[in-house]
Amino acid sequence: MSLQAEDVLDFYELEAELRKIDALASPSEAHGILCGQISGGIKGDPVAWLTEYLSNLGVKGEPWENTREWFCELHRFTLGELADDQFNFMPLLPDDEDPLDARLGSLAEWCSGFLAGFGSAGSRKPEEFTEDALSALRDIQQISQVDTEVDEEEDGEAAYFEVLEYVRMAALMIFTEFAMDRDNMVPPGATIH
């Protein structure tokens, strides 16, 4: 059975897969870690990448075969979304029907995960960062600590979507600066022809 992007890039599917492997990370945090790793330019063989990724999610032990395939597909589809020139990338968060405070909390977890994943991709010299990248990383760090106690009013919804759009574009900008310039970056599980 071949996995499709819409079957993998889904908050609730990721939640189910994380439950199967007893991960401590939430789906949003797990997706944020992955996006941060990719944006930081992490590369390597699929087994080493997956082992490190799952340990960052609080998973103990080796993943079994069907889990390896699913998470390698998650990596492949996420990389595809980040690299897409149509800017279709979107952090994996609960549906819009979920309470605003839950969605805001998940966005904060995604941001926290993104920073952790980006940091795990390796250390960088200060001169490697543009002012825009530093500003975006600082903003993502502040959003990761946002207060989730909000009014469920129209203003709160509008503010949430504005912050989500900022985070989405900041992640794409960081990915472009740090991962797109790596000619030899090969996604785990990719076949080279």
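Residues numbered from 1 in each chain as written. Predicted model: local features only at pLDDT ≥ 70, side-chain atom pairs only at ≥ 80, totals over all residues. Heavy atoms only, no water.

Undergrad: How do you make sense of the overall build of the chain when you look at a structure like this?
TA: When helices and strands are counted, the chain shows eight helices and zero strands. Of the regular secondary structure in the chain, the N- to C-terminal order runs α-α-α-α-α-α-α-α. Within the chain, the fraction of its 193 residues that count as buried is 44%. In the chain, the share of contacts with a sequence separation of at least 24, taken over all contacts with a separation of at least 6, comes to 78%. Element-wise, carbon and sulfur atoms account for 50% of the exposed surface of the chain, whose accessible area totals about 10,200 Å². (Helix = DSSP H or I, 4+ residues; strand = E, 2+ residues; numbered from the N terminus. Buried < 20%, exposed > 50% of the residue type's maximum accessible area, 1.4 Å probe, protein only. Contact = heavy atoms within 4.5 Å. Areas by Shrake-Rupley, 256 points an atom, 1.4 Å probe, with all protein chains shown as cover.)

Undergrad: Sorry if this is basic, but what is going on with helix α4 (residues 46–56) here?
TA: Think of an α-helix as turning once every 3.6 residues; residues three or four places apart then point the same way. Among the residues making up α4, those that are buried are Trp49, Leu50, Tyr53 and Leu54. Axial view of α4: buried residues confined to an arc of 120 degrees, hence all on one face. Of the residues flanking the end of α4, it is Gly58, one or two places downstream, whose phi is positive at about 85 degrees. (Arc of directions from axis to C-beta.)

Undergrad: For this particular structure, what's the right way to read unusual backbone geometry?
TA: In terms of backbone geometry, most residues other than glycine have negative phi values and most peptide bonds are trans. Positive phi outside glycine occurs at Asp22, with the angle close to 55 degrees. Position of Asp22 relative to the elements: it lies in the loop between α2 (11–20) and α3 (27–39).

Undergrad: Would you mind showing me how to read the packing of aromatic side chains here?
TA: Given two aromatic rings, one states the distance between the centres and the angle between the planes to describe the pair. This model, assessed by the stated rule, comprises 11 aromatic pairs. Members of the aromatic cluster, connected to one another through ring pairs, are Phe89, Trp110, Phe114, Phe118, Phe129 and Phe178. Over the ring of Tyr160 we find Arg103; its NZ or CZ atom is 5.0 Å from the centre of that ring. (Phe/Tyr/Trp six-rings, centres within 6.5 Å; stacked < 30°, edge-to-face > 60°. Lys NZ or Arg CZ within 6 Å of the ring centre and 35° of its normal.)

Undergrad: Could you clarify how one ought to interpret the pattern of salt bridges in this entry?
TA: Two side chains of opposite charge can pair, provided their charged atoms sit close to one another. Counted under the stated rule, the structure contains seven salt bridges. Salt-bridge contacts for Arg19 lead to Glu15; the nearest nitrogen and oxygen are separated by 3.7 Å. Here Glu15 and Arg19 lie together in helix α2, a separation of four residues that amounts to about one turn. On the basis of relative accessibility, which here comes to 55%, the residue Arg19 falls in the exposed class. Across the pair Glu131 and Arg138 runs a salt bridge whose closest N-O atoms are separated by 3.0 Å. (Salt bridge = Lys/Arg side-chain N within 4 Å of Asp/Glu carboxyl O.)

Undergrad: Whenever I open this one, the confidence of the model for the chain confuses me. Can you help?
TA: Reading fine detail from the predicted coordinates is not recommended where pLDDT is low. For the chain, per-residue confidence averages 85 on the pLDDT scale, and residues scoring 70 or more make up 87% of the total. Ranking the helices and strands of the chain by mean pLDDT puts α3 first, with 96, and α4 last, with 82. In the model, residues 182–187 has pLDDT below 50 throughout and makes 13 contacts with residues more than four positions away in sequence or in other chains. Long-range and interchain partners of residues 189–193, a stretch whose pLDDT sits below 50, account for two contacts in this model, where long-range means more than four residues apart. (pLDDT = per-residue confidence, 0-100.)

Undergrad: In this structure, what is going on with the packing of α3 against helix α6 (residues 100–120)? I would like to understand it.
TA: Think of two packed helices as two axes; the pair is described by the angle between the axes and how far apart they sit. The interhelical angle for the contact between α3 and α6, taken along N-to-C directions, is 35 degrees, at an axis separation of 6 Å. Between α3 and α6 the crossing geometry is right-handed. Listed contacts from α6 to Ser28, Glu29, His31, Gly32, Ile33, Cys35, Gly36, Gln37 and Ser39 of α3 are Ser106, Glu109, Trp110, Gly113, Phe114, Gly117, Phe118 and Ser120. When its residues are assigned to classes, the contact of α3 with α6 shows five nonpolar, 10 polar and two charged. (Axes fitted to C-alpha atoms, helices over the stretch in contact; angles between N-to-C directions. Left-handed = near helix turned anticlockwise from the far one by under 90°. Nonpolar A, V, L, I, M, F, W, Y, C, P; charged D, E, K, R; others polar.)

Undergrad: Help me out: how do you make sense of the nonpolar core in this one?
TA: Among the nonpolar cores identified, the biggest contains 53 residues, and Tyr53, Leu57, Phe71, Leu74 and Trp110 are the most heavily contacted of them. Residue contacts for Phe71: discarding those within four places in its chain leaves Leu14, Glu17, Leu18, Ile21, Trp49, Leu50, Tyr53 and Leu54. (Core = buried A, V, L, I, M, F, W, Y, C linked by side-chain atoms within 4.5 Å.)

Undergrad: Can you help me understand the packing of α2 against α3 in this one?
TA: Where α2 meets α3, the axes come as close as 9 Å, and the angle between the chain directions of the two elements is 95 degrees. Put simply, α2 runs roughly perpendicular to α3. Across from Phe11, Leu14, Glu15 and Leu18 in α2, the residues of α3 making contact are Pro27, Ser28, Ala30 and His31. Residue composition of the contact of α2 with α3, grouped by class: five nonpolar, two polar and one charged. (Parallel < 35°, antiparallel > 145°, perpendicular 65-115°, else oblique.)

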